[in-house]
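Listed below are the residues making up each chain.
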Amino acid sequence: MPYSIAIDGPAGAGKSTIAKAVARELGYVYIDTGAMYRAVGLFCIHNQIPLHDEKSVVSHINEIDISISYDDDGVQQVFLNGENVSSMIRTLEVGEAASSVSQYQPVRDKLVDLQRKLASKTSVVMDGRDIASKVLPNADTKIYLTASVEERARRRANELKEKGESCDLKAVEKEIADRDYRDMHRENSPLTKVPEAILVDSSDLSIDETIDKILELAMNR
Ligand code: DC
């Protein structure tokens, strides 16, 4: 039986960095579910489909084919209708679009189905918002990874700075708080900590400390 580790948490908590490293350490496959919602968001942007119009987004759902594969370094690549969109989906605009389209149940049904199929074949570390609550309710280890809004904004601002982009820390904090609110208060599969998930707050932990903590939790399950 494949093993599964579910890592849920808000935007900017470091889920993908941590989940990727944990997967590498354990020899599991890392599945970034946010990337799939981002690909749907990108489809809507490219096709001028109004993101806040559920009917319109859902009416195009059968035109959207999302698949993933792994490059030689084991890095997940996301394909939208056959095109590798892995780098195109990493913008703030696409993140916001993903947050909008992820509210719609038919979008979720389509992607959850794909996520479950992937996890049925091999041991995975899967990160997202609804992994423990919905996608893999029987996951062997469930982690809720979070950090304070201030710390997540500081990390995001540092990332932007490294890319040579300037930003206003207060504006980044507001963006993160707004996205948290939307992800936690939507009707369908809101971000939530299931009671049995172990809370890991990375506000005062380094990346390596957070990875070690999760590896320890996974090995002592
Ligand atoms: O983790 P991320 O920033 O790449 O996710 C982008 C958006 O996709 C996020 O704001 C909410 C949505 N999402 C979701 O609803 N369920 C998931 N399992 C993963 C992401």
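Quick caveat, the model's predicted, so the values are computed rather than measured.

A. Quick look at the overall build of the protein chain. A count of helices and strands for the protein chain gives nine helices and eight strands. Scaling as 2.2 N^0.38, a compact globule of 221 residues should have a C-alpha radius of gyration of about 17 Å, and the protein chain matches this with 17 Å. For the protein chain, the spread of C-alpha atoms along the principal axes amounts to about 45 × 45 × 35 Å. A separation threshold of at least 6 residues defines the contact pool for the protein chain, and within that pool the share at least 24 residues apart is 74%. With an accessible surface of roughly 11200 Å², the protein chain has 49% of that area assigned to carbon and sulfur atoms. Counting 28 positive and 37 negative side-chain charges, the protein chain places the centres of these two groups 3 Å from one another.

B. Quick look at the pairing of strand E1 (residues 4-8). By the criterion of burial, E1 is predominantly enclosed, with five of the five residues buried. Side-chain alternation along E1 places Ser 4, Ala 6 and Asp 8 on one buried face and Ile 5 and Ile 7 on a second face that is also buried. Two strands pair when backbone bridges link them, and E1 and strand E6 (residues 124-128) are joined in this way by five bridges, in the parallel orientation. Across the sheet, Ile 7 pairs through a bridge with Asp 127, a residue of E6. With four bridges connecting them, E1 and strand E7 (residues 141-146) associate as parallel partners. In the sheet register, Ala 6 faces E7, and the bridge partner there is Lys 142.

C. Spatial organisation of the site of the ligand. Not every one of the 14 residues close to the ligand is listed here, only the nearest: Arg 38, Arg 108, Asp 130, Arg 179 and Arg 186. Within the side chain of Arg 38, an N or O atom sits 2.7 Å from an oxygen atom of the ligand. Arg 186 has a polar side-chain atom sitting 2.8 Å from an oxygen atom of the ligand. With the chains in place, 94% of the 450 Å² that the ligand exposes on its own is no longer accessible. Of all the secondary structure elements, the ones that give two or more residues to the shell around the ligand are helix H2 (33-46), helix H4 (92-101) and helix H8 (169-185). Top contributing element to the shell around the ligand by residue count: H2, with four residues.

D. Molecular detail of the sheet that holds strand E4 (residues 76-80). Spatial strand order, E3-E4-E5: three strands in an open sheet with antiparallel pairing. Looking along the sheet, the strands with just one partner apiece sit at the ends: strand E3 (66-70) and strand E5 (83-84). In this sheet, E4 lies alongside E3 in antiparallel orientation, the contact comprising five bridges. Within E4, the position partnered with Tyr 70 by the bridge is Gln 76. Contacts from H2 reach E3 and E4 within the one sheet, and its direction differs from that of E4 by about 30 degrees.

E. Highlighting the pattern of salt bridges. The tally for this structure, following the rule as stated, stands at 14 salt bridges. Taken together, the shared-partner salt bridges in this structure form one network comprising Glu 96, Arg 179 and Arg 182.

F. Main features of the environment of Val 124. When you line up the elements, Val 124 lands in strand E6. On the basis of relative accessible area, Val 124 is assigned to the buried category, the value being 0%. Note: C-alpha distance between Val 124 and Ser 4 (120 residues apart in sequence) is 4.9 Å. Setting aside its immediate chain neighbours within four residues, Val 124 contacts Tyr 3, Ser 4, Ile 5, Tyr 28, Val 29, Ile 31, Leu 118, Ala 119 and Leu 136.

G. Quick look at the sheet that holds E7. With respect to topology, five strands assemble into an open sheet ordered E2-E6-E1-E7-E8, the strand pairing being parallel. The outermost strands of the open sheet, each flanked by one partner alone, are strand E2 (29-32) and strand E8 (198-201). Between one strand and the next, the sheet's axes are offset by a mean angle of 20 degrees, whatever the strand orientation.

H. Quick look at the environment of Val 107. Looking at where Val 107 falls in the secondary structure, it is placed in helix H5 (residues 105-121). Taking the C-alpha atoms as reference points, Val 107 and Arg 155, separated by 48 residues in sequence, lie 30 Å from one another. Leave out the neighbours within four places in its chain, and Val 107 touches Tyr 37, Val 40, Val 57, Ile 61 and Val 101.

Basis of the calculations
- Residue numbers restart at each chain and count upward from 1, following the sequence in its written direction.
- pLDDT decides what is reported in this predicted model: residues at 70 or higher carry local features, side-chain atom pairs at 80 or more are listed and counted, and totals for whole chains, interfaces and linings draw on all residues regardless.
- With hydrogens and water excluded, all non-hydrogen atoms of the structure serve as input to the side-chain values.
- Strands here are runs of E lasting at least two residues and helices are runs of H or I lasting at least four, both read from the DSSP assignment and numbered beginning at the N terminus.
- This radius of gyration counts C-alpha atoms alone. The globule rule is 2.2 Å times how many residues there are, raised to the power 0.38.
- Contacts: residue pairs with any heavy atoms within 4.5 Å of one another.
- To be clear on the numbers: accessible area is Shrake-Rupley with a 1.4 Å probe, and residue cover counts the displayed protein chains and nothing else.
- Charge convention: Lys and Arg are scored as positive, Asp and Glu as negative, and His as well as the terminal groups of each chain are ignored.
- For the purpose of locating charges, the reference atoms are NZ of Lys, CZ of Arg, CG of Asp and CD of Glu.
- Residue exposure (1.4 Å probe, protein chains only): buried if accessible area is under 20% of the type maximum, exposed if over 50%, otherwise partly exposed.
- Here a strand pair is declared whenever DSSP counts at least two bridges between the two strands.
- It suffices for a single heavy atom of a residue to lie within 4 Å of a molecule or strand for the residue to be listed as near it.
- Any pair of N or O atoms that falls within 3.5 Å is considered a polar contact. Within protein, one atom must be able to donate a hydrogen and the other to accept it, and sequence-neighbouring residues count only if both atoms are side-chain atoms.
- Note on geometry: axes are C-alpha line fits, over the in-contact stretch for helices, and angles between N-to-C directions span 0 to 180 degrees.
- Definition used for salt bridges: Asp or Glu carboxyl oxygen within 4 Å of a side-chain nitrogen of Lys or Arg.

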